[in-house]
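Residue-level listing of the chains:
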Amino acid sequence: MTERPEVLWLNGSPSLQCFDRPLLSALAVQAKVRQWQYCQGLDEGSSVQNAVRLLHDYLEQVDRPIHLMGHGVGGTIGLLYARYYPEKVRSLALLSVAEQPAMTWQTHYYVQRHLMSCSRHQVLAFMVRSLFGSELPYDVKNLIRALDRDLSEAPCLHSLFRIVDLPKGGILAPLMVCGSQTDSVVHPPALLEWRNWMKPTDTLWECTTGRHFFHYFQPQQVAEEVFKFWRSDAFETQKQILQSSESYLAF
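This one's a predicted model, so the numbers in the text were calculated from it and none came from an experiment. (Residues numbered from 1 in each chain as written. Predicted model: local features only at pLDDT ≥ 70, side-chain atom pairs only at ≥ 80, totals over all residues. Heavy atoms only, no water.)

Caption draft 1: Representation of the pattern of salt bridges. Taken as a whole and judged by the stated rule, the model has nine salt bridges. With a closest N to O distance of 3.1 Å, D202 and K199 form a salt bridge. Here D202 falls in the buried class, since its relative accessible area comes to 12%. A salt bridge links E225 to K228; the nearest nitrogen and oxygen atoms lie 3.2 Å apart. Of the two residues, E225 and K228 both sit in helix 9 (residues 219–230), three residues apart, roughly one turn of that helix. A relative accessible area of 17% places E225 in the buried class. On the basis of relative accessible area, K228 is assigned to the partly exposed category, the value being 45%. Via salt bridges that share partners, E6, R34, D63 and R64 belong to a single interconnected network. (Salt bridge = Lys/Arg side-chain N within 4 Å of Asp/Glu carboxyl O. Buried < 20%, exposed > 50% of the residue type's maximum accessible area, 1.4 Å probe, protein only. Helix = DSSP H or I, 4+ residues; strand = E, 2+ residues; numbered from the N terminus.)

Caption draft 2: Here's a closer look at the layout of surface pockets. Estimates place the volume of the second largest pocket at around 150 Å³. Lining the second largest pocket we find S15, C18, F19, Y138, N142, L143, R145, A146 and R149. Considering only residue class, the lining of the second largest pocket consists of five nonpolar, two polar and two charged. (1 Å grid on protein atoms, 1.4 Å probe; cavity = no way out; pocket = protein on both sides within 12 Å on 5 of 7 lines; lining within 4 Å. Points joined across faces, edges and corners; volume = space filled by probe spheres on them. Nonpolar A, V, L, I, M, F, W, Y, C, P; charged D, E, K, R; others polar.)

Distances and angles like these do not, on their own, reveal function.
Dropping the structure here:
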């Protein structure tokens with residue numbers, strides 16, 4: 001009997017975790033699903049690196065490489081972790097993460113604050129329409145409240161005074177990058193720029209609908225694509241590379 005794959009879902013936005021649940025339920029049908037969450041304290045400086053360090057503390061307790069997945073800033077945390085600790089990562093699946101991994105919905109929020117003479121609340125209302133379109137999963141007030149909390153709780157590098165970039169690039173482990181053709185944050189051209197860093201066995205997949213939170217609206221479709229990725233030749237190639245490296249070191 002084939003062992004069920006084990007995946008760790010990374011969440012860096014506690015106030016938005018409700019949008020992850022449908023996908024996690026779909027994945028749990030064929031995989032062992034764990035969840036890791038980072039919540040930044042109000043008195044802490046915004047630090048993605050601190051989140052990566054805490055994730056490593058957690059994964060030090062896991063005795064084998066594991067599949068990592070994350071949406072938005074959760075994916076960014078996973079990407080940085082996979083670069084720092086490749087031996088701990090079986091694969092990485094990124095959802096709504098741009099080639100420039102610091103570009104999140106918050107980047108667009110701060111850009112709009114610069115461009116529009118509007119209040120924080122008004123720009124957040126604009127972001128709700130941009131992120132969800134007319135298909136709102138909750139009422140506008142609750143969505144604005146969730147985005148407002150995320151500005152405080154997620155480890156964002158940006159502020160009203162500056163927009164920060166992170167290094168671009170891929171990883172050693174098998175990589176899957178997923179996005180939506182209707183996403184206003186990681187729009188299709190930005191998603192396709194990942195091709196510059198992908199290995200021949202990596203996967204790039206676009207959902208036709210769903211906007212930025214496409215995994216909430218199309219959880220079954222996303223799960224099926226992830227399962228196909230885990231069954232792909234990428235892992236046999238990775239195994240051969242590891243065996244070759246071990247043989248070289250032994251020699």
